[in-house]
Structures are given as C-alpha cells and as structure tokens.
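Single-letter residue listing:
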There are 2 protein chains.
Amino acid sequence: MGSEDKIISWLCRLTVITAFFFIGFIIGWFARPTTVNHRHASKSFLHDFLDEMQAENIKHHLRKFTRLPHLAGSQQNLDLAKQIRAEWMEFGLDSVELVPYDVLLSYPNKTNPNYISIVDHLGNEIFNTSLAEPVPEGYEDVTDIVPPYSAFSAKGQPEDELVYVNYGRTEDFFKLERELGINCSGKIVIARYGKIFRGNKVKNAMLAGAKGIVLFSDPADYCADGVEPYPDGWNLPGGGAQRGNVLNLNGAGDPLTPGYPAKEYTYRSSLEDAVGLPKIPVHPIGYHDAVHLLQHMGGPLPPDNWKGALNISYRIGPGFMDGLNQNKVRMNIHTNNQVTRIYNVIGWIRGAVEPDRYVILGGHRDAWVFGGIDPVSGAAVVHESVRAAGKLMKKGWRPRRTLIFASWDAEEFGLLGSTEWAEDHARVLQERAVAYINADSAIEGMYTLRVDCTPSLHTLVYDITKKVSSPEEGEEGMTLYQSWHKRDNSTERDAPWISKLGSGSDFEAYFIRLGIASGRARYTKNRKTERYSSYPVYHSVYETYEIVERFYDPSFRRLEAVARVRGGLIFSLADSPVLPLDCVEYAMSLTKYANSIYQLALKHPAAMEQYSVSFDSLFSAVENFTVAAQDFHQRLDQLDTSNALAVRMVNDQLMYLERAFTDPLGLPGRPFYRHIIFAPSSHNKYAGESFPGIYDALFDIENAVDPQEAWDEVKRQISIAAFTVNTAAETLKPVVS
Amino acid sequence: MGSEDKIISWLCRLTVITAFFFIGFIIGWFARPTTVNHRHASKSFLHDFLDEMQAENIKHHLRKFTRLPHLAGSQQNLDLAKQIRAEWMEFGLDSVELVPYDVLLSYPNKTNPNYISIVDHLGNEIFNTSLAEPVPEGYEDVTDIVPPYSAFSAKGQPEDELVYVNYGRTEDFFKLERELGINCSGKIVIARYGKIFRGNKVKNAMLAGAKGIVLFSDPADYCADGVEPYPDGWNLPGGGAQRGNVLNLNGAGDPLTPGYPAKEYTYRSSLEDAVGLPKIPVHPIGYHDAVHLLQHMGGPLPPDNWKGALNISYRIGPGFMDGLNQNKVRMNIHTNNQVTRIYNVIGWIRGAVEPDRYVILGGHRDAWVFGGIDPVSGAAVVHESVRAAGKLMKKGWRPRRTLIFASWDAEEFGLLGSTEWAEDHARVLQERAVAYINADSAIEGMYTLRVDCTPSLHTLVYDITKKVSSPEEGEEGMTLYQSWHKRDNSTERDAPWISKLGSGSDFEAYFIRLGIASGRARYTKNRKTERYSSYPVYHSVYETYEIVERFYDPSFRRLEAVARVRGGLIFSLADSPVLPLDCVEYAMSLTKYANSIYQLALKHPAAMEQYSVSFDSLFSAVENFTVAAQDFHQRLDQLDTSNALAVRMVNDQLMYLERAFTDPLGLPGRPFYRHIIFAPSSHNKYAGESFPGIYDALFDIENAVDPQEAWDEVKRQISIAAFTVNTAAETLKPVVS
C-alpha cells in the first residue's frame with residue numbers, strides 16, 4: 001500500500017472507530033436513567049418485609065411489654081420508653097429519640113380513695129363501692145395498679161338523688177327531658193358505659209345540669225353471650241370497671257396548652273381556663289357495685305330498651321331510694337390534676353431518594369394497667385415492624401421516603417403525646433408528611449379484619465390484604481382479603497367493608513387537624529352478631545397478656561396478619577415511586593357523603609323550601625372533584641416515571657390532597673377539628689361524621705329557637721363544604737391554568 | 001494473511017471498535033446532566049429582560065390607562081380588564097383569564113349627595129361643604145367622576161357639636177380623654193388625615209363613642225413646602241379631598257364572606273354581621289371646607305402640635321360654635337353598600353422545569369378616579385413587565401418556574417380582588433407559591449427607591465438594584481443601588497434602608513395570611529426632610545397622567561427603574577435554580593425585633609419582676625434560628641446542583657420558611673392575620689409591627705384593668721413567638737432527625 005492508501009485506510013479505521021464511539025456515547029447518554037427506578041427493587045422487598053414479621057416475635061414482644069403497668073407519667077412507662085429506644089436502635093434505625101412534654105395528667109389521690117356511697121338520712125354511708133378490682137392470678141404482687149377512676153374528674157363530694165340516663169347519649173337526655181319529663185338539674189346521674197365515648201356522656205350530664213355522674217359497665221354491654229368472665233373466659237367480671245379520661249378536648253391535646261406543644265417554656269393557662277375538663281365529679285364502677293345503686297332507686301320504670309342486663313328491677317329516679325326513706329347517693333372524688341412529664345419515642349429511617357417525605361407509623365405505649373390489648377397488642381406489632389425494617393436495612397434496603405416510628409405516651413389521657421408532637425412539628429408535617437398509620441390495639445375480637453381509613457387509602461388497603469394470608473384456622477391458602485371479604489362485605493359494593501375514621505386514638509391530630517392521609521387496622525369481632533361494646537375487659541385490670549394468649553389469638557397469627565397490614569401500608573407508602581393513593585376513591589366517598597347529608601336535610605322539606613336551602617353547589621363541587629380525580633389518574637397513567645421532577649410533582653399533588661380538605665378556621669366551636677369532610681361526631685368522639693359542619697348545623701334543627709338563624713347556618717356550612725371540595729379538586733388539576 | 005490471521009485481525013479491530021464504543025458509552029453516560037443547568041441561560045436573559053423594559057413604553061401604558069376613571073365595579077374598569085387581557089395575550093402569555101367575584105362595594109347615592117353642614121339653632125344649613133372637587137383642565141367632559149366619599153360609611157344625618165381629634169390616633173384620643181378631659185361620646189369628631197390609615201381613625205372615633213367623623217386634609221400634611229397646588233405644582237388644591245374606604249377588615253377581604261371567596265354560591269352574612277363596616281357616618285373634605293367647620297368651634301385651644309397649617313385660630317370643642325349661638329354640625333351621608341361584580345385579570349407563563357412553583361407579580365387596576373399615580377403608575381409597570389416577558393418568550397426563553405401576573409380589582413375597597421383570589425386558591429398557593437411581589441403605585445416622590453419586603457428578600461433586592469441604573473439626572477454611570485445607598489442609608493448597617501411590610505396594599509393576604517415571601521418597591525420622597533403624608537394629591541381627582549408626566553417623572557426613568565426592580569425580582573425568583581432567598585437575613589431581623597420588643601417590655605421593670613416575665617425563650621429561639629439559618633446556607637454551598645431532587649428539597653425548605661411563621665390560630669381578635677412576626681399595626685394598618693402579638697399585649701398595659709391577666713397575655717404571646725421562631729428554625733434543619 002502506498003502512504004496515501006495507508007492514510008486512507010487509517011482514516012477509514014478512525015471513522016469507524018469514531019462512529020462506534022459516538023454510537024456508544026449516544027446509547028450511553030440515553031441509557032442512563034435520570035432517576036433510579038425504585039419500583040422493581042421495592043416490590044421484592046415488600047414481600048421480604050411482610051414475611052419477616054412473625055407471630056412468635058409478636059408474642060414475645062407482647063409478653064415482655066405487659067409484665068408491669070405502664071401508666072403515663074409513671075417511672076415504669078419511662079423505663080419502657082428507654083427500653084424501646086434501645087431495642088429500636090439495636091434493630092437498626094438511623095436514630096431514636098425520647099421526646100418529652102409536660103402535660104396535664106390526672107391521678108387518684110393515693111391516701112384518699114374515690115368511691116360512691118349510699119348514705120342514709122343521718123348521713124351514714126350504708127354502702128360503699130369497691131376501691132379496686134380483684135387482681136388477676138399471677139399479678140398479685142404487682143404494685144402501682146391504679147384503681148378504676150375517671151381521669152380529669154372534678155374533685156367533690158356531691159350528694160343527691162340518682163337519675164338513670166341509660167347510655168347518657170344526647171338522645172337519652174332528650175328522652176328524659178322531653179318525653180319522660182325528668183329534670184337532671186342538680187341531681188347525680190348514673191349512665192351505663194357503651195355506644196359513645198364516655199367524655200360525651202359527661203358533657204351531656206353537665207349540659208343537663210347534673211352535679212355528678214357515675215358510669216357503670218352493664219353486662220348487656222360488657223359480656224358476650226355464652227362467654228365466662230375472665231379468667232375462665234374473656235368477659236368482664238362483676239368487679240371489673242372501665243378506667244378512662246372524661247375530657248372533651250375536641251383535638252386540643254394538653255388541656256393547658258391548646259394549639260402549642262407543652263414544652264418547658266410554653267405558657268400554660270390556669271386550670272379554670274383549661275380545655276375540656278369536666279366541672280363535675282365522675283366515677284366508674286363495675287356491675288356488682290352498680291346493682292346496689294340501681295336497685296334502690298325511685299321514680300318511673302325505665303323504658304324497655306334502657307333496661308340492660310342486670311336482672312334487677314329498678315326505676316329511673318329521681319325520688320327517694322327505697323320509697324319513703326331518705327337515702328341518697330354520695331360521690332367521693334379526690335382525683336388530682338397535675339402537670340407531668342411524658343415521653344414519646346420517635347425512631348427514624350432516612351429516605352434514600354426523598355428524605356423530606358415522611359411516612360409515620362405511630363401507636364401509644366401507655367396503658368391503664370397491663371395493657372394486654374390496649375395498647376400493647378398494637379405496640380408489639382409496631383415493635384415487630386421496626387425489627388423487620390431493620391432486618392431489611394441490613395440486607396441493603398432503604399426506603400425511598402423517610403419512615404418515622406412513634407411510641408406515643410399519654411394517649412389514655414386525651415391523645416396527649418401524639419397531639420403534642422403534632423403541634424410541635426406541625427409545619428414540617430404539613431409540608432412533608434405523606435401518611436400516618438395508627439397502631440393502637442391490634443385486636444378487639446376474633447372474627448376478621450377491621451380497617452378505618454381515608455378514602456384515598458382504600459385501594460392500597462385492598463392490595464396489601466391480598467398479599468397477606470388469612471390467619472384463621474381452616475382458611476389455609478386463602479388471602480386475608482378473601483377471608484375479610486367473605487366475613488364482612490361492604491353494603492355498597494363487592495369488597496370488604498372499610499369505615500370512616502372517627503377518633504379516640506392517636507391519628508386524630510394527624511388526620512383531623514393536619515390533614516394527613518391516615519388509616520388504622522385491627523382484628524375485630526363480628527359487628528353484625530356481637531353486640532357488646534368495644535371488648536368486654538376494655539380498660540380493666542383484666543387486660544393481660546394471658547387474655548390474648550388464651551382467648552384472642554393463641555397462635556398470634558391474627559396479630560401477625562395485622563402487623564403485615566400495617567407494615568405493608570407504611571412500606572408501600574414509603575417505597576412506591578408514585579404514591580399509592582387513589583383520588584377516585586375519594587370522589588366516590590364524597591358522592592356518597594353528599595347524598596347522605598342531603599337525605600338528612602330532606603327530612604325537613606318545608607323548611608328547605610321556606611329558607612331556600614339548596615345542595616346544588618355541593619353536588620356540583622363533588623362532580624368537579626370527580627372529574628378532576630379521574631383526569632388526574634388518567635394523566636398519571638402517562639407519567640414519565642423516569643423524570644424525577646415530574647414524579648415529585650404528581651406525588652406532591654397526591655400528598656397534599658388530604659391537606660386541601662382542611663380549613664384553618666376549623667369547625668364551629670371546634671378550632672382544632674379542621675377537616676371539612678371528616679370529624680369526630682359531636683355526640684360521640686369515637687364515631688366519624690362526614691360533612692360534620694352541615695351535620696351539626698342540621699342536628700335537632702326542628703327544635704331550633706331561631707329557625708331562620710339555624711337554617712342560615714346550614715346554608716353557610718353547605719357553602720363551606722362546596723368550596724372545600726372545589727378547592728381540593730383544584731389541587732388535582734394541571735398545575736398551570 | 002491466513003484465515004487465522006484474518007480472524008485475529010478482525011478480532012483486533014472488533015476489540016478496538018468495541019473498546020471505543022464502550023468508552024463512548026461511558027462518557028455519554030456520565031456526560032449527561034441529570035437536570036438541565038438553567039443557571040447560565042437565565043443570567044443572560046435577566047439582562048435582556050431588564051433592558052427590554054423601557055421608559056417610553058411605560059409612559060405609553062400610563063397615558064393609555066388614565067384617560068377615564070376606573071372605579072371598581074364600573075363598566076370602565078371591566079372594559080379595562082378586557083383590554084389588559086387582550087394585550088397580555090398578544091404579548092405572549094400562555095393564558096389570561098378574567099376572574100370575577102361578587103363583593104360588597106360602596107357608592108355615593110347619585111341623587112342624594114353627601115355633604116357636611118353647619119346648621120343654626122333653627123335648623124337652617126348656613127354652610128354646606130362642596131359636593132365635588134373642581135375638575136382639572138382637560139377632563140371637564142369626563143363623566144362618572146365619583147365625588148370624594150368615605151366608602152362603606154354608615155348612612156345617617158347625625159347633628160351635634162364638633163370635637164377636633166387631631167389625627168384621630170389612639171394617642172390623640174388618650175390625650176383628649178385622659179389629659180384634656182374632653183369626652184367625644186355622642187359628638188361628631190373631626191380628624192385630619194395623615195399619620196395612620198383612615199379606617200383606624202374611624203375605629204378610634206367609634207370606640208370613643210362619637211356618632212360621626214369628618215376627615216379633612218390639612219395643608220400641613222398635604223402640601224409640600226414651596227410647591228404650588230396642582231396644576232401648577234403637585235400639592236393638593238384646597239378643593240381637593242381624599243377618597244378612601246374606612247373599613248377595619250383586618251385582612252378579611254369581602255366583608256360578607258370572611259375566609260372564603262365571594263363566588264356566586266358562597267354564603268353571605270347579613271350586613272349587620274359583616275366584617276369591619278363602620279357603624280357611624282364618615283365623610284372626607286378638603287381644607288377650604290375644613291376652615292369653615294373649624295373656625296367656629298368652641299372649647300379649649302388645641303395643643304400646639306395639633307394645630308396644623310390652616311392659619312386660623314380655632315378651638316377643640318365641644319361647645320357651641322361662635323360662643324353663645326347654638327350652631328351645630330350636621331353630616332348628610334347617603335352612601336349605599338351593594339354587592340357588585342369585580343374582575344381580576346390573571347395571566348400565566350408556565351414554568352419549564354417546575355411548573356408547580358409560582359412567582360406572582362400583582363397590583364391593582366381599580367382607581368378612585370384616573371389613578372395617575374395610584375395605581376396606574378404601578379399597573380403600567382406590570383404591563384411593561386408582561387410585555388418584556390412575552391418578548392423574551394419569543395426568543396425562546398421560558399422561566400424555570402411558573403409566573404403569574406395579576407391585575408387586581410377593588411383594592412381601594414379593602415384589598416378585595418387580591419384577597420378573594422388568595423382565599424379562592426389558598427390551598428395551591430400555600431403548597432406552590434414561592435413569592436409575591438406587589439405592584440401598587442410605582443412612584444410617590446422624586447427622591448429615591450423605597451422597598452418594603454420580607455427579610456429573606458433583602459439580599460436579592462440589593463443584588464437586583466446593583467444591575468439597574470440610577471434614573472436620576474447627574475447620576476449617569478451610577479447604579480440604582482449606589483444612588484439609593486447614598487440617599488437613604490440604613491441606620492443599622494452600610495446598605496440602603498429597607499423597611500418591614502405593613503399593609504394597605506394587595507400583598508396583605510399573600511404575606512400576612514398565607515405566609516408567602518413578599519415585597520414591594522416604588523420611588524419615594526426623602527423621608528427625612530419631606531414631612532407631608534403620602535403624596536399630596538393622593539386619592540383626589542388630581543391624580544392624573546399629567547401630574548406624573550410634568551412633575552413626578554418627566555423622563556419616565558424613575559418608573560423604568562421601579563419596573564426593573566420589580567421585574568428583576570420576579571425574574572430571579574422564577575428562574576434561579578436555587579431560590580434567591582436569604583435565611584440569615586431573616587435571622588438578623590428576628591434578632592433586631594426580639595431586642596426591640598424586649599426594650600419595650602423593659603419600660604415596666606417592676607411589673608416584669610412582679611409577674612416573672614422573661615424573654616429568655618424568645619432569645620433562645622432566635623439563637624436557634626440563627627444557627628439553623630447559617631448551617632442551612634453552609635449546606636447550600638455544598639449542594640450538588642445537578643441533582644434535581646436535591647435542589648427541589650432545599651428550594652422547598654426555602655419556599656416554606658415564610659409559611660412556617662404563620663399560625664392557623666391567627667393573632668388575638670384578628671384571625672386572618674396569621675403571621676407571628678409581622679402584622680399591620682393595630683393602631684395603623686399602613687405600618688408593619690414586628691412580634692405584633694407581644695406588642696399588642698404590651699400596649700397601654702400600665703392602664704390595664706387587670707394587670708395579672710394583662711401580663712399573663714404578654715407571657716402567652718412571648719411563648720407563641722418563641723415556639724414559632726423555633727419551629728421555623730426546624731424547617732431549615734436537615735430534613736431527617
């Protein structure tokens with residue numbers, strides 16, 4: 001070859017090489033993803049995570065955490081907090097901290113016990129209720145078992161005739177006052193537990209002018225048919241009684257620092273200005289004691305459906321007990337309120353991709369006594385979730401978003417630990433929190449799963465339960481979803497029943513105040529056939545490890561299933577590239593709630609006409625929301641998931657959807673209930689009410705003193721609801737007009 | 001070559017080619033940025049953008065928009081809205097919409113004019129104030145010039161003795177009642193304009209029990225020395241009077257729909273329940289008319305510093321005018337409130353990278369009459385910014401974030417258009433708004449620049465003004481920063497003076513209610529030597545195009561400079577990869593405010609001691625914030641700006657910082673003022689107060705009826721301020737604990 005040929009040949013080679021270099025370059029350029037595709041990785045880890053949580057471990061945690069009482073504010077509960085911190089660190093969390101607050105708690109006076117007496121006309125106490133519950137076998141040497149009491153009861157020794165007010169519900173007092181003509185003013189009332197939150201009973205009694213209220217557990221409400229009292233079965237023994245706070249906080253948290261965290265430097269209001277404290281003495285008793293009070297009452301016979309199951313004939317009162325003698329009832333209450341330090345345990349796993357997005361699993365640690373069910377069945381499950389997450393991290397996994405685990409303190413005293421933490425971190429939570437999953441008692445029955453959650457979590461709940469096995473014997477090979485579906489189908493569609501969130505547990509501040517998508521899951525009874533309230537030994541000394549191990553979940557597979565549901569939820573929320581929240585489900589729920597509140601209003605057709613009350617704006621808003629939600633999910637299907645900012649933007653829309661339903665002005669008279677779609681019922685904190693502003697405006701409106709004003713308020717609330725739904729729809733629309 | 005050699009040779013070639021392919025691939029892989037580097041692009045475009053805005057164009061816009069009156073609610077103002085929409089579309093915005101609201105406005109009764117009379121003892125009106133201002137030359141044929149009135153005045157014809165209350169400030173009423181022993185209850189009061197917002201004067205008069213209030217412009221406050229009245233100079237003529245609303249809305253927006261946008265379906269309260277309406281008649285007059293009312297008054301002589309410049313000897317009243325005759329003053333006010341449709345014009349430029357981040361430039365369009373200064377000097381500047389942005393877009397530029405331009409309606413009636421839009425879009429603004437720059441009157445004097453803004457914008461303001469030339473003759477080659485610095489140095493450091501935001505313009509809802517970083521800039525007088533209030537012809541018919549063209553800015557270079565400042569701010573906020581917000585400046589301001597409120601409290605050393613009032617928690621919080629801000633900016637220096645998500649995360653922290661200072665519970669009695677660091681003064685809406693909760697709690701505390709309660713409130717407010725500053729610090733800390 002001549003030198004020219006050589007040059008040409010080399011030029012050719014160079015060209016070819018350069019060409020291949022460029023091809024390589026271009027392929028390299030485009031092959032590189034702009035973000036790590038997290039989806040495949042996380043799917044396999046979800047399976048690992050669910051499998052890692054095991055019944056035996058949960059059993060072990062439950063045993064370990066229920067040996068001693070862990071009352072909020074006690075040394076034992078601080079010790080437990082430290083133990084949990086140490087174990088969570090050992091499990092592998094990035095950091096774990098104890099977070100203290102100084103909140104108002106309430107304890108019986110140790111030297112001056114609370115009780116109720118029957119006193120004769122000479123003032124002699126001829127009967128006194130018991131000062132404590134008989135302690136269950138094996139716990140005889142345990143000290144510091146707090147006797148049954150109503151936390152935050154006013155002190156006092158009121159003495160008067162007794163009036164029986166059934167469950168003490170709004171409708172019970174209406175019946176007494178409007179139909180039976182019985183005035184409770186200045187009397188002591190006695191109400192049976194059940195149906196509604198005890199704080200509402202106390203509030204109703206105060207509104208009726210009562211000067212004290214006795215709460216008792218009736219077998220009709222705290223004993224299941226064919227079941228023996230503990231320890232032979234899981235019914236409430238006659239000497240058992242239900243502790244519990246009797247506050248009406250409406251989401252305020254610590255009564256002395258509403259709206260702000262109870263830190264050392266925080267200003268505290270006086271006790272007179274405190275939020276939600278009852279102004280009258282309150283005390284709980286068991287049914288053995290209740291019989292004595294009830295069987296000596298005067299007055300008319302109770303209506304049939306007020307009679308309970310005490311198998312005594314009694315009257316409603318007032319009237320002298322035992323006919324013509326002048327016996328009365330005296331309450332002796334010496335409970336003290338005191339500012340006390342509590343401790344949340346907060347554990348963190350830093351998110352790998354979006355550390356500034358938080359998914360929270362929180363449940364309380366404090367218990368009235370041993371807390372076998374409430375809360376340790378839940379806390380044991382959280383503990384197992386933390387252990388499993390730590391295990392995965394040791395295999396190299398780290399969630400896309402940050403995971404926060406919380407062991408709340410003082411839930412029993414008004415959701416205090418969780419609410420103070422929410423108040424403390426409201427700004428960052430508002431900006432960064434994706435979801436809050438609650439972990440109170442994981443079991444309250446032996447039948448099937450129960451889930452209460454925000455509508456946008458419905459689909460994820462169904463998805464996760466399809467990945468979990470049924471824990472029931474004889475259902476091998478069946479998924480939890482199938483088992484649940486079979487046992488508790490929704491009335492509205494062919495899928496398991498999911499309920500609205502009410503309150504009474506630690507999700508309240510996160511969901512109702514801050515507007516963070518929230519949910520809870522637990523194992524429950526058959527709600528169609530088992531009519532007792534809650535579970536029979538609720539808040540008694542009989543909530544032990546043994547009651548779970550012997551009766552509720554001997555294999556611990558039910559708790560395992562609950563652990564996997566709760567764990568699966570937080571795992572998916574923390575790890576899915578696109579947030580697994582379903583806006584169309586929200587739209588469907590809004591449609592249902594709008595129809596239902598409209599039906600309620602339609603019970604007053606003449607007034608609707610007279611005051612020109614229309615729900616058109618609300619229905620139109622729900623329609624707007626429905627279209628926006630459907631369009632949003634259609635656009636989501638076309639999302640370029642390799643574009644990190646585009647994914648972040650839709651995730652922000654998903655995350656902030658729940659926030660959009662909150663209104664800083666709050667509900668009328670309840671400034672810390674800011675969610676316009678959901679709030680605890682004004683008549684029962686445990687129950688969730690949809691469109692609560694409209695519901696409350698309509699409540700008992702036929703008896704309004706000023707109907708014009710009352711219906712104006714209905715119209716105002718419809719307008720607020722319509723605006724809120726419209727504005728939530730706006731958040732789902734394309735971000736530029 | 002044998003076939004083996006050939007194979008080897010081909011293998012060699014293949015290897016080389018493959019090697020180069022891989023090299024290419026790898027280089028390609030790593031060469032690709034994971035996000036577009038926007039920084040260089042935007043810097044050169046900033047220069048283009050500033051240059052594009054030109055004096056001649058602003059002059060043209062001002063001329064065009066000031067030919068007719070544009071009162072809110074009028075056909076002319078709707079026509080102008082449509083014209084602006086059309087021109088903004090033509091300039092090249094992505095979309096422009098008219099957004100209507102139906103708000104409460106207030107107009108004089110056309111057939112029954114408002115005036116003030118002197119009536120003799122027989123009830124004859126022996127003097128009446130003028131019904132209109134003499135119309136300036138060239139505008140004689142213009143119809144629909146609304147006469148001077150106080151919008152939202154109550155109707156009525158009260159008649160009584162007159163009491164002169166100086167400026168009608170809180171301290172003026174204190175002086176009258178506490179030192180001079182004059183009771184205004186049941187009297188008509190007359191106050192001179194100036195020093196504070198007129199609505200505060202009316203509120204003070206109501207609190208003092210007055211049954212009407214006359215407002216007048218005194219030459220001491222509305223004439224500059226050595227300047228002729230318009231049209232020969234820019235002083236207020238004796239027949240001119242100041243229109244203006246006399247509401248006390250405290251940020252509520254439309255008085256009938258507080259907290260919610262005034263849409264068709266929105267519930268409206270009754271007029272009795274409306275927010276902020278005065279309960280007494282109010283009317284403004286000029287100094288020619290004022291002389292007549294004042295010179296016949298009885299009572300003691302006014303204190304020297306109350307005398308103004310009317311060159312008449314008058315007394316304060318009450319007392320019969322003219323000594324022993326029984327003349328009185330009668331107000332004749334027939335102004336009507338009516339729900340009226342208003343229109344905002346909203347224009348959008350979709351952001352290229354982060355369309356879900358909004359930077360807003362907003363200013364009002366409605367004017368009392370021609371609006372030569374207020375607002376069209378500002379609106380013309382906005383118009384020029386929109387034109388310049390459109391021009392750049394035609395060159396291929398698109399901002400990183402979304403730009404929103406707003407022409408607000410009904411600002412003059414209580415910031416209604418801007419507040420309703422903020423209420424309407426509160427959720428998305430809260431989630432997405434980076435900053436709000438206000439564009440009311442761009443000029444109120446001929447001396448130098450005036451900027452009021454949130455502390456985090458200080459540094460950007462200085463940076464931008466260094467890129468703009470001084471508009472002053474004889475300052476060629478000097479930057480606006482240098483000119484400004486020379487003319488108005490801060491008392492605290494060697495840099496131009498920047499003030500806090502007060503209120504009285506449309507940024508209020510964005511800054512004080514929603515917590516969006518905000519600022520405003522305009523050309524102003526020499527605040528040290530020019531003591532007149534506002535600018536003399538403020539809200540009179542003499543605010544014409546000509547007053548700007550002849551006196552305020554003949555070259556239109558001052559307006560051009562303001563346009564470049566406002567434009568440069570929104571450009572940088574919309575286009576900088578990392579948001580140009582400075583948290584350390586916020587820390588410095590907080591330190592200053594904490595010291596200053598502490599000094600105020602220290603005026604009561606005995607009480608501080610007696611009630612154990614400590615500012616330690618506040619100082620400690622400010623220290624926490626300072627450390628967090630410094631650390632944040634240090635981390636920012638190490639930010640990997642090629643990581644799109646990492647940049648987004650710090651930008652979110654920067655964006656949400658201002659939000660963190662807001663509290664949904666609002667300030668005491670002012671639920672729509674939610675910013676804990678800044679609020680309009682309770683005694684003068686125009687002025688900004690720092691730590692307003694503490695300030696108001698301390699105000700006049702030496703005269704508190706219950707000192708314990710008053711000092712408890714001080715302590716509560718310190719606690720809230722400390723918590724808020726701490727929680728804002730938390731938002732700047734690393735996102736994972």
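Residues numbered from 1 in each chain as written. Chains lettered and ligands numbered in written order. Predicted model: local features only at pLDDT ≥ 70, side-chain atom pairs only at ≥ 80, totals over all residues. Heavy atoms only, no water.

As recorded in an unreviewed UniProt entry, chain A goes by the name Glutamate carboxypeptidase 2, listed as coming from Sinocyclocheilus rhinocerous. Per UniProt, chain A has the following entry under Catalytic activity (unreviewed entry): "Release of an unsubstituted, C-terminal glutamyl residue, typically from Ac-Asp-Glu or folylpoly-gamma-glutamates." Chain A has a UniProt comment under Subcellular location (unreviewed entry) that states "Cell membrane". (UniProt positions renumbered as here; feature names shortened; annotations may be inferred.)

Regarding the pattern of salt bridges
Residues and elements named next belong to chain B. Applying the stated criterion across every chain yields a total of 92 salt bridges over all chains. Where Asp102 meets Arg341, a salt bridge forms, and the shortest distance between an N and an O atom there is 2.7 Å. Pair noted here: Asp102 is in strand β1 (residues 95–107) and Arg341 is in strand β12 (residues 336–349), with a separation of 239 residues, a long-range link. (Salt bridge = Lys/Arg side-chain N within 4 Å of Asp/Glu carboxyl O. Helix = DSSP H or I, 4+ residues; strand = E, 2+ residues; numbered from the N terminus.)

Some remarks on the sheet that holds strand β10 (residues 282–285) of chain B
Residue and element names in this part refer to chain B. Strand order in the open sheet made by the four strands is β6-β7-β8-β10, with parallel pairing throughout. Edge positions in the open sheet fall to β6 (162–164) and β10, since each of these has one partner strand only. Averaged over all neighbouring strand pairs, the angle between strand axes comes to 25 degrees, with direction disregarded. Both strand β8 (residues 212–216) and β10 contribute to a ladder of four bridges, which runs parallel. Bridge pairing links Leu215 to Pro284 in β10. Packed onto the sheet, helix α8 (residues 287–294) meets β6, β7 (188–192), β8 and β10 and runs at close to 115 degrees relative to β10. (Pairing = 2+ DSSP bridges. Axes fitted to C-alpha atoms, helices over the stretch in contact; angles between N-to-C directions. Contact = heavy atoms within 4.5 Å.)

Observations regarding the side chain of Arg659(B)
Residue and element names in this part refer to chain B. Within the fold, Arg659 resides in helix α20 (residues 644–660). Side-chain polar atoms of Arg659 contact the backbone oxygen of Ala433, separated by 2.8 Å. Setting aside chain neighbours within four positions, we find Arg659 in contact with Leu429, Gln430, Glu431, Arg432, Ala433, Leu514, Gly515 and Ile516. (Polar contact = N/O pair within 3.5 Å; in protein donor to acceptor, adjacent residues only side chain to side chain.)

So, the packing of aromatic side chains
Per the counting criterion, the structure on display carries 74 aromatic pairs over all chains. Seen from their ring centres, Phe45(A) and Trp397(A) are 6.5 Å apart, and the 40 degrees between their planes marks the pair as tilted. With Phe45(A) in helix α2 (residues 39–52) and Trp397(A) in the loop between α9 (376–394) and β14 (401–408), the pair connects residues that are 352 residues apart, well separated along the chain. Note on Trp397(A): relative accessible area 5%, which makes it buried. Taken together, a centroid distance of 5.6 Å and an interplanar angle of 90 degrees make the contact between Tyr149(B) and Trp368(B) edge-to-face. Placement of the pair is Tyr149(B) in the loop between β3 (125–128) and β4 (150–151) and Trp368(B) in the loop between β13 (354–364) and α9 (376–394), with a sequence separation of 219 residues. (Phe/Tyr/Trp six-rings, centres within 6.5 Å; stacked < 30°, edge-to-face > 60°. Buried < 20%, exposed > 50% of the residue type's maximum accessible area, 1.4 Å probe, protein only.)

Some remarks on unusual backbone geometry
Omega for the bond connecting Tyr230(A) with Pro231(A) falls within 30 degrees of zero, at 10 degrees, which places this linkage in the cis form. Turning to its location among the elements, Pro231(A) is positioned in the loop between α7 (219–222) and β9 (244–245). Of note, the bond from Gly317(B) into Pro318(B) is cis; its omega dihedral lies within 30 degrees of zero at -5 degrees. Here Pro318(B) lies in the loop between α8 and β11 (328–332).

Some thoughts on the sheet that holds strand β18 (residues 517–524) of chain A
Residues and elements named next belong to chain A. Strand order in the open sheet formed by eight strands is β1-β12-β14-β13-β15-β18-β16-β17, and the pairing between neighbours is mixed. In the strand order of this sheet, the two ends are held by β1 (95–107) and β17 (498–499), each with one partner. As defined by bridge partners, strand β12 (residues 336–349) adjoins β14 across five bridges and the pair is classed as antiparallel. Note that in β14 the partner of Ile349 across the bridge is Leu403. Helix-sheet contacts for helix α10 (residues 416–424) involve β1, β12 and β14, and the interaxial angle to β1 is about 120 degrees.

Here we look at the packing of helix α3 (residues 55–65) of chain B against α9(B)
The packing of two helices is summarised by the inter-axis angle and the distance between the axes. All names here are of chain B. Contact geometry of α3 with α9 gives a least axis separation of 8 Å together with a crossing angle of 125 degrees. Taken as axis vectors, α3 and α9 run oblique relative to one another. Crossing hand, α3 versus α9: right-handed. Contacts between α3 and α9 involve Asn57, Ile58, His61, Leu62, Lys64 and Phe65 on the former and, on the latter, Val376, Ser377, Ala380, Val381, His383, Glu384 and Arg387. (Parallel < 35°, antiparallel > 145°, perpendicular 65-115°, else oblique. Left-handed = near helix turned anticlockwise from the far one by under 90°.)

Some remarks on the interface of chain A and chain B
In this assembly, 71 residues from chain A lie in contact with 71 residues from chain B. Summing the contributions of chain A and of chain B, the shared interface buries around 6,600 Å²; its carbon and sulfur component is 65%. Scanning the region where chain A abuts chain B turns up four salt bridges. Close ionic contact of Asp652(A) with Arg648(B) constitutes a salt bridge, the shortest N to O distance being 2.9 Å. There are 20 residue pairs in polar contact (both at pLDDT 80 or more) connecting chain A and chain B. For the side of chain A that touches chain B, the secondary structure elements donating two or more residues are α1 (3–31), β1, β13 (354–364), α10, α11 (426–432), α20 (644–660) and α22 (707–732) of chain A. Element by element, the count of residues in the side of chain A that touches chain B is highest for α1(A), at 13 residues. Residue composition of the side of chain A that touches chain B, by class: 33 nonpolar, 18 polar and 20 charged. (Buried area = accessible area lost by both parts, 1.4 Å probe. Nonpolar A, V, L, I, M, F, W, Y, C, P; charged D, E, K, R; others polar.)

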